[in-house]
Amino acid sequence: MWPLWRLVSLLALSQALPFEQRGFWDFTLDDGPFMMNDEEASGADTSGVLDPDSVTPTYSAMCPFGCHCHLRVVQCSDLGLKSVPKEISPDTTLLDLQNNDISELRKDDFKGLQHLYVRSWEEPAGLQQRAGVRALVLVNNKISKIHEKAFSPLRKLQKLYISKNHLVEIPPNLPSSLVELRIHDNRIRKVPKGVFSGLRNMNCIEMGGNPLENSGFEPGAFDGLKLNYLRISEAKLTGIPKDLPETLNELHLDHNKIQAIELEDLLRYSKLYRLGLGHNQIRMIENGSLSFLPTLRELHLDNNKLARVPSGLPDLKLLQVVYLHSNNITKVGVNDFCPMGFGVKRAYYNGISLFNNPVPYWEVQPATFRCVTDRLAIQFGNYKK
């Protein structure tokens, strides 16, 4: 259960300008939908953000029995609810229904909440266009059925968190205003073509923890989407899915059964900053595969079955972090990471992990890491047979 003050803080932070890819979003935490910029958490632009303590709160007489209502946040989590409660104020900004026993979303469950909501509170007129977060939290219920018009009233909904339920399909007719969808840890096996049709504002989808195989993605399933972030981890993928949005900055496919990266697999993803392929069964990365990722900054290949350092790393001029620990790498060459000559690489490495590999690290030449910021950034040793 999120404390009410955390929910109110989420509203305040959301008054900043719309999403802009500055660093990376961290979706490793499943207990709530809060996002961190792990490179710039302390440097986010908060200009124009109001201090909740400096604002006179407004109150509504409508509050479902047992719930907590404050600053247009309605918190009804951990109450054992069997259905969406009635008497929710129409000016609600964030509706928290997580950790209940809701099994179905009916047609009129969200009737009257079409303003979920324009503003977080009565902010000055100059901030009215910086709309507050409009979020619906349904995490950890028992939802298996959603009426095709259940979300129709939510014409301004931006964030839908419906992870850890019993869904076997992606809900139909999602609001066109949706920016972020978290639907991981359900029972979804298929992503049909057209399921995301009309979602022009969507930039983030978290759908890991579903029994998705490569054959479960119909051709054109992601057509029209301009995503920045996509995670399909902890699924049943044996290869990188085809035709994912070419706009992606982050792609996380960790904890799958991927065995190889072939030349054409990464061809369309030239805008990737971070690629997560850890905890797979990758034995081979075809030469030239990484050359299609000129903006890559972070590469996760840990806990695979690689026998050598992938070729092409020296040509990635912006690459800063490489995770290669827990593989079968037996040798590290002097030119495996750094380009020949000085001034070629535009960003030096600040993290290379090679521990838990059968590498005789005392044989690795010091010049191998000539383009690393600090020797403490290199992690070696601790190999156990």
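Rules used in this analysis
- Counting of residues starts from 1 at the beginning of each chain's written sequence and follows it residue by residue.
- Confidence filtering applies because this is a predicted model: local features only for residues at pLDDT of at least 70, side-chain atom pairs given and counted only at 80 or more, and all residues used for totals across whole chains, interfaces and linings.
- Neither water nor hydrogens contribute to the side-chain values; these are computed over all heavy atoms in the structure.
- In this description a helix means any DSSP run of H or I spanning at least four residues, a strand means any run of E spanning at least two, and both kinds are numbered starting from the N terminus.
- Throughout, exposure labels follow a simple rule: accessible area from a 1.4 Å probe, protein chains only, divided by the maximum for the residue type, with under 20% read as buried, over 50% as exposed, and the rest as partly exposed.
- A 1.4 Å probe and the Shrake-Rupley method give the accessible areas. Residues count as covered only by the protein chains that appear here.
- pLDDT expresses, on a scale from 0 to 100, how confident the predictor is about each individual residue.
- Should any heavy atoms of two residues lie within 4.5 Å, those residues are considered in contact.
- For the purposes of this analysis, a disulfide is any pair of cysteine sulfur atoms at a distance within 2.5 Å.
- What is meant by a nonpolar core is a set of buried Ala, Val, Leu, Ile, Met, Phe, Trp, Tyr and Cys residues, joined one to another through side-chain atoms within 4.5 Å.
- Geometry of aromatic contacts follows a simple scheme: Phe, Tyr and Trp rings, the Trp one being its six-membered ring, pair when their centres are within 6.5 Å, and the pair is stacked under 30 degrees between planes, edge-to-face over 60, tilted otherwise.
- Charge-over-ring contacts are defined here by two conditions on Lys NZ or Arg CZ: a distance within 6 Å of the ring centre and an angle within 35 degrees of the ring normal.
- The working definition used for a salt bridge is a side-chain nitrogen of Lys or Arg within 4 Å of a carboxyl oxygen of Asp or Glu.
- Any N or O atom pair separated by 3.5 Å or less is treated as a polar contact, with the protein-specific requirement of one donor-capable and one acceptor-capable atom, and with residues adjacent in sequence counted only for side-chain atom pairs.

**Q** Looking at this model, I keep getting lost on the overall build of the chain. Mind explaining?
**A** On a plain count of helices and strands, the chain comes out with one helix and 18 strands. Buried positions account for 51% of the 385 residues belonging to the chain. Accessible area of the chain: about 18200 Å², with a carbon and sulfur share of 49%.

**Q** Can you walk me through the confidence of the model for the chain in this structure?
**A** Parts of the prediction with low pLDDT should not have their coordinates interpreted in detail. Averaged over all residues, the pLDDT of the chain equals 82, while 78% of them reach at least 70. Below a pLDDT of 50 lies the segment residues 8-59, which in the model reaches 106 contacts outside its immediate sequence neighbourhood of four places, other chains included. Here residues 117-133 is modelled with pLDDT under 50, and outside its nearest four sequence neighbours on either side it reaches 55 contacts, counting other chains as well.

**Q** Could you clarify how one ought to interpret the state of the cysteines in this entry?
**A** A disulfide bridge is the covalent bond that connects two cysteines by way of their sulfur atoms. Per the stated rule, a full pass over the model turns up three disulfides. One disulfide bridge connects Cys 63 with Cys 69, the sulfur atoms lying 2.0 Å from each other. Where Cys 63 bonds to Cys 69 through sulfur, the torsion about that S-S bond is close to 85°, and the disulfide is right-handed. One disulfide bridge connects Cys 67 with Cys 76, the sulfur atoms lying 2.1 Å from each other. Where Cys 67 bonds to Cys 76 through sulfur, the torsion about that S-S bond is close to 115°, and the disulfide is right-handed. The exposure classification of Cys 67 matches that of Cys 76, with both residues buried. Disulfide connectivity for the chain, with bonded cysteines indexed by sequence position, reads 1-3, 2-4, 5-6.

**Q** Which parts of the structure should I look at to understand the nonpolar core?
**A** Within soluble globular proteins, side chains that are nonpolar generally end up buried alongside one another. By size, the foremost hydrophobic cluster in this structure holds 86 residues, and its most contacted members are Leu 105, Leu 136, Phe 196, Met 207, Leu 230, Leu 313 and Phe 337. With near-sequence residues (within four places) excluded, Leu 230 lies in contact with Ile 205, Met 207, Phe 222, Leu 244, Leu 248, Glu 250, Leu 251 and His 252. Core analysis: the next-biggest nonpolar cluster, separate from the first, contains six residues, Val 73, Leu 94, Ala 135 and Tyr 161 among them.

**Q** Would you mind going over the packing of aromatic side chains with me for this structure?
**A** Working definition: an aromatic ring pair is given by the centre-to-centre distance plus the angle between the planes. Applying the stated criterion across every chain yields a total of eight aromatic pairs. In textbook terms, an aromatic cluster arises when at least three aromatic residues are bridged by ring pairs, as seen for Phe 337, Tyr 349, Tyr 361, Trp 362, Phe 369 and Phe 380. It is Lys 345 that lies over the ring of Tyr 349; its NZ or CZ is 4.3 Å from the centre.

**Q** How should I be thinking about the environment of Leu 94 in this particular structure?
**A** Here Leu 94 lies in strand E3 (residues 94-96). In this structure, the C-alpha to C-alpha distance between Leu 94 and Lys 159, residues 65 residues apart in sequence, is 9.4 Å.

**Q** What's the story with the pattern of salt bridges in this structure? I'm lost.
**A** When the charged atoms of two side chains lie near each other, side chains of opposite charge can form a pair. Per the counting criterion, the structure on display carries twelve salt bridges. Between Glu 218 and Lys 190 there is a salt bridge, with the nearest N and O atoms lying 3.1 Å from each other. Of this pair, Glu 218 sits in the loop between strand E9 (204-206) and strand E10 (229-231) while Lys 190 is found in the loop between strand E8 (180-182) and E9, placing the two residues 28 residues apart along the sequence. A relative accessible area of 29% places Glu 218 in the partly exposed class.

**Q** Please clarify how the environment of Ser 163 should be interpreted in this entry.
**A** Relative to the helices and strands, Ser 163 is located in the loop between strand E7 (159-161) and E8. Taking C-alpha positions, Ser 163 is 4.9 Å from Val 139, a pair spaced 24 residues apart along the chain. Within the local environment of Ser 163, its side chain forms a polar contact with the backbone oxygen of Arg 182, the two atoms lying 3.2 Å apart. Within the local environment of Ser 163, its side chain forms a polar contact with the side chain of His 184, the two groups lying 2.8 Å apart.

**Q** Can you help me understand the side chain of Asn 141 in this one?
**A** Among the secondary structure elements, Asn 141 is positioned in the loop between strand E5 (135-137) and strand E6 (145-146). You can call Asn 141 buried: its relative accessible area is 4%. Of note is the side chain of Asn 141, whose polar atom sits 3.0 Å from the backbone oxygen of Leu 97. One polar contact links the side chain of Asn 141 to the main-chain carbonyl oxygen of Leu 138, over a distance of 3.1 Å. When residues no more than four places from it in sequence are discounted, the contact partners of Asn 141 are Leu 97, Gln 98, Asn 99, Asn 100, Asp 101, Ile 102, Lys 164, Asn 165 and His 166.

**Q** Any chance you could explain the side chain of Asn 256 here in plain terms?
**A** Of note, Asn 256 is situated in the loop between strand E11 (250-252) and strand E12 (260-261). Within the structure, Asn 256 has its side chain in polar contact with the backbone oxygen of Asp 254 (distance 3.3 Å).

**Q** Explain unusual backbone geometry to me, please; I cannot follow it from the model alone.
**A** Comment: phi is negative for the bulk of residues other than glycine, and the bulk of peptide bonds are trans. Unlike most non-glycine residues, Asn 303 shows phi in positive territory, near 55°. One can find Asn 303 in the loop between strand E15 (298-300) and strand E16 (321-323). Its relative accessible area of 25% is what places Asn 303 among the partly exposed residues.

**Q** How do you make sense of the environment of Ser 311 when you look at a structure like this?
**A** Structurally, Ser 311 is set in the loop between E15 and E16. What makes Ser 311 partly exposed here is its relative accessible area of 26%. A sequence separation of 25 residues divides Ser 311 from Asp 336, and the C-alpha atoms of the two residues are 7.0 Å apart. With residues near it in sequence (within four places) discarded, Ser 311 still touches Asn 287, Gly 288 and Leu 290.

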